[in-house]
Amino acid sequence: MLLDGVANAGGAVGAGLAAIGAGLGIGQIGKGAVESIARQPEAMNDIRANMILAAALVEGAALFGIIVGFLAMVLK
Amino acid sequence: MALRRVKLALAAVFSVFSIFFSISLFAQEDTHVRPKEEHGVTEDKHESKKSFDAAEVIFGHILDNHEYHFTEYHDAEGNVHHVSIPLPIILYSKERGLTAFMSSRFEHGHADFNGYRIGDEKIVAVKEDGSVDEGVKVYDLSITRNVVQMSLALIILCWLMISIAKSYRKGLGVKTAPKGKQNLLEPVVIFVRDEVAKPNLGHKYEKYLPYLLTTFFFILINNIFGLIPGTANVTGNIAFTVVLGLISFVVILFSTNSHFWGHIFNPPGVPGFVKPILILVEFLGVFIKPFALIIRLFANMVAGHIIIICLISLIFIFGQMNSIAGWGTSPVAIAFTVFIYFIEVLVAFLQAFIFTNLTAVFIGSAFEGGHDHEGEHIHV
């Protein structure tokens, strides 16, 4: 019973931490992209493509964390 | 002026209040009538109607199922009626051989049929006396709703692409402006070619373009189908994404060259004592890349669906406390749902793009270097 509670709490905290990590990462990417577009507006298309790529990679790492957190809650 | 504004605000607040008030009266009346109707109902039906289990609703929506289940309602006698489309069930076991029947025979889990029973997750074999037969291993080859929807997506994909290809072959839209369905798909095909294939694959892009386009449109059509209320969540099924990821993995492996493997097993310009670590990391990276593709698509689609269902469930969770809270929550919840839904439409395109783009990036990194590398050195 207690173990279930701990697993649930751990999963929830893990998912939250993963979300924080992804938020920081994607925020940094967005910041970089906006700054570089402001400096060099003609490179906007290249920058946007690379931004989405990098954001997807960061998000992938965060989703790993969330899935593991989910498994901690579901698998008993 | 200020007084008038206050008056307007007051009027608005009162009118909103009166909406809830009148509705709450209506809801109360409804609950007064209901107990009368339920006198004849058996106890377990009464129970199932009373409580709302959010987790059950959520998993019922995102998991695969043997039927399309839309809703259920209670008639005047209190019997539960299900609105659903049954799908064929095909079962195989060594002891009993092959059987096929419609899922409606199970009567939504209330009845056994032909010695089989549908449990919470899978179909099990039962003996004559009704106990579960552990000795029989049942292979479920049923046409579930994911299979139906995937086939539907496949048919639409083939029909669209083949009809367009035919008209291009006839010369329509080659020199002239595109017509009809060509208008719909030509920009997307050009986008995949120019933004995904060419930058990542260089001069070899034509070889991989058919694969990339097929993946892109297959994921996209399935994503969009999954967004129609009542349909299955195909791209949010781990088995579906695993197969797509495995295909990507095979394509990546087949396009590797010696340069790629050389960088993995003998990383150049690295001190000797770091090499073992780096080799291990690089080697695992070969498998982690497609695995990340699998998890990304799966988790994104499941997360989107769960968020939408959670928001809708909020209404019923609050509605259980009392009906005013339920009615009060519903405009907020529905506004958020519509908002998330539009984001999901964006995500449907974005995930199809990201899956294709990352596959192209990985393929490109698998064969880059090699011959081009020599030319680079001369240039430098």
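Not measured: the values here are computed from a predicted model. (Residues numbered from 1 in each chain as written. Chains lettered and ligands numbered in written order. Predicted model: local features only at pLDDT ≥ 70, side-chain atom pairs only at ≥ 80, totals over all residues.)

Engineer: I tried to follow the overall build of chain A on my own but got confused; where do I start?
Structural biologist: The helix and strand inventory of chain A stands at 2 helices and 0 strands. Its C-alpha atoms give chain A a radius of gyration of 17 Å, more than 25% over the compact-globule value 11 Å for 76 residues. With respect to the three principal axes, the spread of C-alpha positions in chain A is 60 × 15 × 10 Å. Sorting the 76 residues of chain A into buried and exposed places 12% on the buried side. Intrachain contacts of chain A at a sequence separation of at least 6 include 85% that bridge at least 24 residues. (Helix = DSSP H or I, 4+ residues; strand = E, 2+ residues; numbered from the N terminus. Rg over C-alpha atoms; globule rule 2.2 N^0.38 Å. Buried ≥ 20, exposed ≤ 12 C-beta atoms within 10 Å, placed from the backbone. Contact = placed C-beta atoms within 7 Å.)

Engineer: Would you explain the sheet that holds strand β3 (residues 88-93) of chain B in this entry?
Structural biologist: Sheets are built from strands that pair by backbone hydrogen bonding, the pairs being arranged parallel or antiparallel. Residue and element names in this part refer to chain B. One open sheet holds the 3 strands; their spatial order is β4-β3-β7, and the pairing between them is antiparallel. Every other strand in the sheet has two partners, leaving β4 (97-102) and β7 (139-140) as the edge strands with one partner each. Note: β3 against β4, 6 bridges, orientation antiparallel. Bridging from a neighbouring strand, L91 pairs with T99 of β4. (Pairing = 2+ DSSP bridges.)

Engineer: How should the interface of chain A and chain B be read in this particular structure?
Structural biologist: Reports of interface size often rely on the accessible area that becomes lost once the parts have come together. The partner chain B presents 9 residues to the 10 residues of chain A that form the contact. Residues of the side of chain A that touches chain B, tallied by class, amount to 8 nonpolar, 1 polar and 1 charged. (Nonpolar A, V, L, I, M, F, W, Y, C, P; charged D, E, K, R; others polar.)

Engineer: Would you explain the confidence of the model for chain B in this entry?
Structural biologist: One rule of thumb: low pLDDT means the predicted coordinates there are not for detailed reading. Residue and element names in this part refer to chain B. Mean pLDDT over chain B stands at 79; residues scoring 70 or higher make up 83%. Below pLDDT 50 for its whole length, residues 17-49 participates in 19 contacts with residues either more than four positions away or in separate chains. With pLDDT under 50 throughout, residues 372-380 is counted as low confidence; its partners more than four residues away or in other chains account for 1 contact. Interface scoring of the predicted complex returns ipTM 0.74; its pTM is 0.77. (pLDDT = per-residue confidence, 0-100.)

Engineer: Can you help me understand the environment of K166(B) in this one?
Structural biologist: Residue and element names in this part refer to chain B. Examined against the element boundaries, K166 turns out to sit in helix α4 (residues 145-169). Note on K166: 10 C-beta atoms within 10 Å, which makes it exposed. Through-space distance from the C-alpha of K166 to that of N233 is 32 Å; in sequence the pair is 67 residues apart.

Engineer: Just to check I follow, could you spell out the environment of H108(B) for this structure?
Structural biologist: Residues and elements named next belong to chain B. Locating H108 in the fold gives a position in the loop between β4 and β5 (116-118). Among the residues examined, H108 registers 16 C-beta atoms within 10 Å and is labelled partly exposed. As for H108 and G119, which are separated by 11 residues in sequence, their C-alpha atoms are 10.0 Å apart.

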